[in-house]
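# Topology and contacts: notes
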Amino acid sequence: TQLLEQSPQFLSIQEGENLTVYCNSSSVFSSLQWYRQEPGEGPVLLVTVVTGGEVKKLKRLTFQFGDARKDSSLHITAAQPGDTGLYLCAGSQTPSGGYQKVTFGTGTKLQVIP
Amino acid sequence: DAGITQSPRHKVTETGTPVTLRCHQTENHRYMYWYRQDPGHGLRLIHYSYGVKDTDKGEVSDGYSVSRSKTEDFLLTLESATSSQTSVYFCAIRTGTTSSYEQYFGPGTRLTVT
């Protein structure tokens, strides 16, 4: 069962355009992370959001955690070719009496064309 | 950069042979993880460790075993490799708190089982 659904799966846009990637779930998460992965490399952490409704900005990237902590979005303004990569969201939960569980979405592959 | 290295980076092996992948970290992190990444499945947890000699299973642990005899090294062993274990394997460490969970990944090992 895939708990985290990402959309779209693929996105090809022109340099300078804006885009939004979504990460949705029916489960509540204690925190949610966004990663970017380039071919042949491991995922690189971009941001962690913790509080429902939280908005974080990282240069041209804006991350939002849903009020109910079940969903998140990543908005990129004026995309550049360097933004090309696979974007992954990951939600963490702490089952009672157990260790934290992290679930990854299947990713959004972004291509920014110069 | 969380000081994580993986070896080997690439390996081709035959069905039925044992394979061991190594993850090494230099920053004394307590928690270490092994994931596999496959198209359409995202990152799936194989095993994790919460201290020396303390390990537990993840969601796709069948056919894999792990060992952690030193804080800095976490080994993943495929006792008898099968073609379904062809994948890219990532090691990760964890930082942050219970409510702000962050993982940092190694560069990955691409394993092909023929």
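What comes next concerns the included structure. These numbers come from a predicted model, not from an experiment.

### Considering the overall build of chain B
Within chain B one finds zero helices and eleven strands. Mapped in sequence order, the helices and strands of chain B form the string β-β-β-β-β-β-β-β-β-β-β. For a compact globule of 114 residues, the expected C-alpha radius of gyration is about 13 Å, and chain B comes in at 13 Å, within 12% of that figure. Along the three orthogonal principal directions, the C-alpha set of chain B runs to about 40 × 30 × 25 Å.

### Here's the deal with the sheet that holds strand β1 (residues 5-7) of chain A
Residue and element names in this part refer to chain A. Strand order in the open sheet formed by five strands is β1-β3-β8-β7-β6, and the pairing between neighbours is antiparallel. The strands lining the two open edges of the sheet, one partner per strand, are β1 and β6 (55-58). Sheet twist, expressed as the mean angle between neighbouring strand axes with direction ignored, is 15°. In the sheet, strand β7 (residues 61-65) pairs with strand β8 (residues 71-76) via five bridges, with the strands oriented antiparallel. Note that in β8 the partner of Leu 61 across the bridge is Ile 76.

### Thoughts on the interface of chain B and chain A
Reports often express the size of an interface as the amount of accessible area lost when the parts come together. In this assembly, 23 residues from chain B lie in contact with 22 residues from chain A. Overall, the association of chain B and chain A removes approximately 1,700 Å² of surface from exposure, summing both partners, and the carbon and sulfur fraction of that is 56%. At the surface where chain B touches chain A, the tally comes to zero salt bridges. Applying the counting rule to chain B against chain A returns four residue pairs in polar contact (both at pLDDT 80 or more).

### Here's the deal with the packing of aromatic side chains
All names here are of chain B. Tallied over the full model, the rule gives eleven aromatic pairs over all chains. Centre to centre, the rings of Tyr 35 and Phe 105 are 5.7 Å apart; their planes meet at 50°, and the pair counts as tilted. With Tyr 35 in strand β4 (residues 32-38) and Phe 105 in strand β10 (residues 100-105), this residue pair connects regions lying 70 residues apart in the sequence. The class for Tyr 35 is buried, based on a relative accessible area of 1%. On the basis of an interplanar angle of 85° and a centroid distance of 6.5 Å, the ring pair of Phe 90 and Phe 105 is categorised as edge-to-face. Taken as a pair, Phe 90 in strand β9 (residues 87-97) and Phe 105 in strand β10 lie far apart in primary sequence, 15 residues in all. Judged by its relative accessible area of 2%, Phe 90 falls in the buried class. Given the relative accessible area of 11%, Phe 105 is considered buried.

### Concerning the state of the cysteines
Per the stated rule, a full pass over the model turns up two disulfides over all chains. For Cys 23 of chain A, the disulfide goes to Cys 89 of chain A, at an S-S distance of 2.0 Å. One quick way to see it: the torsion about the S-S bond of Cys 23 of chain A and Cys 89 of chain A is about 80°, and its sign makes the bridge right-handed. In this pair, Cys 23 of chain A sits in strand β3 (residues 19-24) while Cys 89 of chain A sits in strand β9 (residues 85-93), placing the two residues 66 residues apart along the sequence. Its relative accessible area of 0% is what places Cys 23 of chain A among the buried residues. Shown here is the disulfide that connects Cys 23 of chain B with Cys 91 of chain B, its sulfur atoms set 1.9 Å apart. Handedness of the Cys 23 of chain B-Cys 91 of chain B disulfide follows from its S-S torsion of about -70°: it is left-handed. Residue Cys 23 of chain B is found in strand β3 (residues 19-25), and its partner Cys 91 of chain B is found in strand β9; the two are separated by 68 residues along the sequence.

### Looking at the pairing of strand β4 (residues 31-37) of chain A
All names here are of chain A. When you tally the buried positions in β4, you get six out of seven residues, the bulk of the element. With seven bridges joining them, β4 and β9 adopt antiparallel strand pairing. In the strand pairing of β9, Gln 37 is matched with Leu 86. Linkage of β4 to strand β5 (residues 44-49), two consecutive antiparallel strands, is achieved through a turn of six residues, within which Gly 40 is found at a positive phi near 80°.

### Structural notes on the pattern of salt bridges
All names here are of chain A. Evaluated as defined, the whole model comprises six salt bridges over all chains. The residue Lys 56 makes a salt bridge to Glu 54 at a minimum N-O spacing of 3.8 Å. Exposure remark for Glu 54: the relative accessible area of 19% places this residue in the buried category. For Asp 83, the salt bridge goes to Arg 60, with nearest N and O atoms at 2.9 Å. One end of the pair, Asp 83, is in the loop between β8 and β9; the other, Arg 60, is in the loop between β6 and β7, and 23 residues separate them in sequence.

Here is what the cut-offs are and how they apply
Along each chain, residue indices are assigned from 1 in the same order as the chain's sequence is written. Key to labels: chains lettered from A, ligands numbered from 1, both in the order written. Local features in a predicted model are, by the rule used here, given only for residues with pLDDT of at least 70; side-chain atom pairs are given and counted only at 80 or more, and totals for whole chains, interfaces and linings are based on all residues. For the side-chain quantities, the full set of heavy atoms in the structure was used; hydrogens and water were omitted. Working definition: helices are DSSP H or I runs of at least four residues, strands are E runs of at least two. Numbering for both runs from the N terminus. As a reference, a globule follows 2.2 Å times the number of residues to the power 0.38, and the radius of gyration itself is taken over C-alpha atoms. When DSSP finds two or more bridges between two strands, those strands count as paired. Orientation is described by axes fitted as lines to C-alpha atoms, over the contacting stretch for helices, and by angles from 0 to 180 degrees between their N-to-C directions. Contact between two residues is taken to exist if any of their heavy atoms lie within 4.5 Å; hydrogens are not considered. Values labelled buried area give the accessible surface lost by two parts on being combined, using a 1.4 Å probe and summing over both. One speaks of a salt bridge when a side-chain nitrogen belonging to Lys or Arg is within 4 Å of a carboxyl oxygen belonging to Asp or Glu. In protein, a polar contact means a hydrogen-donor-capable atom and an acceptor-capable atom, both N or O and within 3.5 Å, with residues adjacent in sequence counting only if both atoms are side-chain atoms; elsewhere, any N or O pair within 3.5 Å suffices. In this scheme Phe, Tyr and Trp rings, the latter by its six-membered ring, pair at centre separations within 6.5 Å, and the angle between planes marks the pair as stacked below 30 degrees, edge-to-face above 60, and tilted otherwise. Residue exposure (1.4 Å probe, protein chains only): buried if accessible area is under 20% of the type maximum, exposed if over 50%, otherwise partly exposed. When the sulfur atoms of two cysteines come within 2.5 Å, that pair is taken as a disulfide.

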